Amino acid sequence: MIKEAAILSKHEAPAEKVKIKEKENLKQRAYLNSVSSFIEYGGTQIVGLVVSPFIVGGLGKSMYGIWQMLMQMTGYAKFTDSRATQVLKWTVAKKKDQKSEEELRRDVSSVFFVIVFTMPIAMLVGAVISWYAPNLANVAPEYYSIVRIACSLLMLTLVLYRVFDLFESVLRGMNLGYKRMWFRAGISLFGGLLKVLAITLGFGLIGLGVVQVLISITTGVTIYLIVRKHVHWFGFGKTNFKQIMYFSRLSGWNMANTTTTTFLLGSDKLLLGMVAGPVLVSSYALTSFMPLAIQGLVLSGVSGIMPGIGKLLGSKEYSKITMAWGNVNGLIYLLAAAFGVTVLLFNEAFLNIWVGDGHFSGNVANALIMMMIIQDMFVKHDGFIINATLDLKKKTYYTVCAAAIYIALGYVFINKFGITGLCISVILGKFLLFYWQRRFLKSKVQLSQSLSFLVELRPLLVMVAMLGAAFYLTSVIPKFSLVQLFGLVPITFLLSFFIFYWLGLPAEIRKSLMHTIRAIKFFKSA
């Protein structure tokens, strides 16, 4: 009896220690995760900025358009992705302070088995897409083998990322994404150097595909080592068929959501190439490079906040979720207005200096691309919160409707208006999803704003006015040199930033944003 009591006390002692936890500073973690995402994304974009001219020059305009289509084509294999790792991320975020470590390990094992079970389907779909890739990309018969091999390598990259995403999900679910700070930026630099080497040595599309495989392996191993070091409970626990099926059901709706989202958000280049050819895809991809880079920069910061939202959902602190949503919404407006004005004014000059003349899609297309991407920021911001609720059924239905409208309009409008027609069809299609997501958030997480309708509309009206003025100026401003851009771009951004801050943001949002910023300890690690 004494021996049993001793054994029991031996096992209970650590459990008592686990209960005494330092309160997690969600604002500080959100700041650190956002900084990590900024560094990671910024490094990737800087590498892309340097490497892209080598790829465009080495492949040529047509083959570069085909490369862009292949990378987007790979996304269609994602419909076999159960997204179990995303479910795991939000599950860990909700359970980490409420459940035992053994239960968390059991969840990791359950998700691992879901990934294993869906892997053969992913490989089969990847093989089919790779085989028909030359037909979808409209390439000449002599390039069929090259395109199929390159597409197969990109499919392999997708499969590898799916496996390694298990570790990433645990890290982000624990709100420790900032622990990978600098590592991914370094991997992007390494990958960029390999891409330049592959193009310089004449390996073309296949060389770029091999580099993508090497980047995925390096990234996966690095994240695994980080998780092993910083998540003490990480490992695989005993699971059962019921638990695996639970994650499969949740993952099923995630899979459906991913599939429909891919059709809506990840088929623009493919649709444009199929209707109008790869040369137009090249112009579209290069013109949208800077707007997409800005979108990624903004959303990388937003995604860093999301695991904290997951914890608030778990504890049903809806008033805090409303405050966080309002702050991020205002921040997106602020950055979108400042960056949007800057891009409209200087994107043509930037492209001419970056990759040479003849790649800019025109001022109208440039403005529509910027509007399309700003709209997408708000759609994805709301989507992040909806994904955290794990209630994806209605979102999937509405995404299907939005995608159907976009694709149907796209075939008609692209034939008549080219890139401009593509942008119009995307904007019209996504408006339905945007409207529904706002309604869903108001009911699901009791999202409400205390501001009047006119005050809520104020940021949109000011942003539209600023973008309209910038669009008008594009017809009268001269071409700028590189030296002039270095001076004018930061001045334009800062001026637009402060104009919108004082004229576009309501006083309540400005006050809330400043309160959040003051609460952050910028030089504290956690």
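Residues numbered from 1 in each chain as written. Predicted model: local features only at pLDDT ≥ 70, side-chain atom pairs only at ≥ 80, totals over all residues. Heavy atoms only, no water.

K.L.:
Now, about the overall build of the protein: what can you tell me, with residues and values included?
P.N.:
When its secondary structure is counted, the protein shows 19 helices and zero strands. Looking at the protein residue by residue over its 526 residues, the buried ones come to 54%. Restricting the contact set of the protein to residue pairs at least 6 apart, pairs at least 24 apart contribute 87%. Only carbon and sulfur atoms are counted for the fraction: they give 69% of the accessible area of the protein, which is about 24600 Å². (Helix = DSSP H or I, 4+ residues; strand = E, 2+ residues; numbered from the N terminus. Buried < 20%, exposed > 50% of the residue type's maximum accessible area, 1.4 Å probe, protein only. Contact = heavy atoms within 4.5 Å. Areas by Shrake-Rupley, 256 points an atom, 1.4 Å probe, with all protein chains shown as cover.)

K.L.:
Quick one: what's the story with the side chain of serine 188, residue by residue and with numbers?
P.N.:
Mapped onto the secondary structure, serine 188 falls in helix α7 (residues 183-200). Within the local environment of serine 188, its side chain forms a polar contact with the side chain of threonine 44, the two groups lying 3.0 Å apart. Leaving out residues up to four positions away in the same chain, serine 188 has contacts with Thr44 and Val47. (Polar contact = N/O pair within 3.5 Å; in protein donor to acceptor, adjacent residues only side chain to side chain.)

K.L.:
Explain unusual backbone geometry to me, and be specific about the residues and the numbers.
P.N.:
Non-glycine residue asparagine 138 carries a positive phi angle of around 60°. Take asparagine 138: it is sitting in the loop between α5 (101-136) and α6 (144-173). Relative accessible area serves as the criterion here: at 44%, asparagine 138 is assigned to the partly exposed category.

K.L.:
Account for the nonpolar core, naming residues and giving values.
P.N.:
With 94 residues, the main nonpolar core has Leu70, Leu205 and Phe500 as its most contacted residues. Considering every element that reaches this core, the biggest residue donor is helix α13 (residues 318-354), with 18 residues. Once residues within four sequence positions are removed from consideration, leucine 70 is found in contact with Ala133, Val147, Ala150, Cys151, Leu154 and Leu205. By size, the runner-up hydrophobic cluster in this structure holds 33 residues, among which are Phe164, Met174, Val227 and Phe247. (Core = buried A, V, L, I, M, F, W, Y, C linked by side-chain atoms within 4.5 Å.)

K.L.:
So what's going on with the packing of aromatic side chains? Residues and values would help.
P.N.:
Here the structure, examined in full by the defined rule, presents 20 aromatic pairs. Both rings, one in tyrosine 398 and one in tryptophan 436, keep their centres 4.9 Å apart while their planes meet at 20°; by these two values the pair is stacked. Here tryptophan 436 lies in helix α16 (residues 419-444) and tyrosine 398 lies in helix α15 (residues 393-417), a separation of 38 residues in the sequence. Residue class for tryptophan 436 comes out buried when judged on its relative accessible area of 7%. Among the aromatic side chains, those forming a connected cluster through ring pairs are Phe112, Phe113, Phe117, Phe164, Phe167, Tyr224, Phe234 and Phe236. Over the face of the ring belonging to tryptophan 131 we find arginine 148, whose NZ or CZ atom lies 3.6 Å from the ring centre. Over the ring of tyrosine 501 we find arginine 510, and its NZ or CZ is 5.9 Å from the ring centre. (Phe/Tyr/Trp six-rings, centres within 6.5 Å; stacked < 30°, edge-to-face > 60°. Lys NZ or Arg CZ within 6 Å of the ring centre and 35° of its normal.)

K.L.:
Outline the pattern of salt bridges, listing residues and values.
P.N.:
Within this structure, the stated rule accounts for four salt bridges. We note a salt bridge from arginine 105 to glutamate 102, for which the minimum N-O separation is 3.3 Å. Here arginine 105 and its partner glutamate 102 are both found in helix α5, three residues apart, which amounts to about one turn of the helix. Several salt bridges converge on common partners, so that one network encompasses Asp376, Lys380 and Lys430. (Salt bridge = Lys/Arg side-chain N within 4 Å of Asp/Glu carboxyl O.)

K.L.:
Residue-level account of the confidence of the model for the protein, with values.
P.N.:
With 83% of its residues at a pLDDT of 70 or more, the protein has an overall mean of 82. Here helix α1 (residues 2-19) is the element of the protein with the lowest mean pLDDT, 42, and helix α18 (residues 482-503) is the one with the highest, 95. Throughout residues 1-21 the model reports pLDDT below 50, and contacts reaching past four residues in sequence, or to other chains, amount to two contacts. (pLDDT = per-residue confidence, 0-100.)

K.L.:
Tell me about the environment of tyrosine 318, residues and numbers included.
P.N.:
Looking at where tyrosine 318 falls in the secondary structure, it is placed in helix α13. Sequence separation between tyrosine 318 and lysine 444 is 126 residues; the distance between their C-alpha atoms is 9.7 Å.

K.L.:
Tell me what's going on with the packing of α6 against helix α8 (residues 204-230), and back it up with residues and numbers.
P.N.:
Packing of α6 against α8 leaves a shortest axis separation of 9 Å and a crossing angle of 10°. In terms of orientation, α6 lies roughly parallel with respect to α8. Looking at the contact of α6 with α8 residue by residue, the class counts come to 24 nonpolar, six polar and one charged. (Axes fitted to C-alpha atoms, helices over the stretch in contact; angles between N-to-C directions. Parallel < 35°, antiparallel > 145°, perpendicular 65-115°, else oblique. Nonpolar A, V, L, I, M, F, W, Y, C, P; charged D, E, K, R; others polar.)

K.L.:
I'd like to hear about the environment of phenylalanine 190, residue by residue, with values.
P.N.:
Mapped onto the elements of the fold, phenylalanine 190 is located in helix α7. Residue classification places phenylalanine 190 among the partly exposed residues on the basis of a relative accessible area of 39%. Here the alpha-carbon distance between phenylalanine 190 and isoleucine 215, two residues 25 residues apart in the chain, equals 8.2 Å.

K.L.:
Which residues make up the packing of α13 against α18, and what values go with them?
P.N.:
Two elements in contact, α13 and α18, have axes whose closest approach is 7 Å; the angle formed by their N-to-C orientations is 165°. As the angle between them shows, α13 and α18 are arranged roughly antiparallel. For α13 against α18, the interelement crossing comes out right-handed. (Left-handed = near helix turned anticlockwise from the far one by under 90°.)

K.L.:
Quick one: what's the story with the environment of valine 343, residue by residue and with numbers?
P.N.:
Structurally, valine 343 can be placed in helix α13. Judged by its relative accessible area of 5%, valine 343 falls in the buried class. Sequence separation of valine 343 and proline 291 is 52 residues, and the distance between their C-alpha atoms is 7.0 Å. Not counting the four nearest positions on each side in its chain, valine 343 is found in contact with Met290, Pro291, Ile294, Asn366 and Met370.

K.L.:
Would you mind going over a nonpolar patch on the surface in detail, with residue names and values included?
P.N.:
Among the surface-exposed residues, Leu494, Leu495, Phe498, Ile499, Trp502 and Leu503 lie close enough to one another that they form a single nonpolar patch of about 640 Å² accessible area. Tracing the sequence through the fold places tryptophan 502 in helix α18. (Patch = residues over 30% accessible without salt bridge, like charges linked within 9 Å, V, L, I, M, F, W, Y side chains within 5 Å.)

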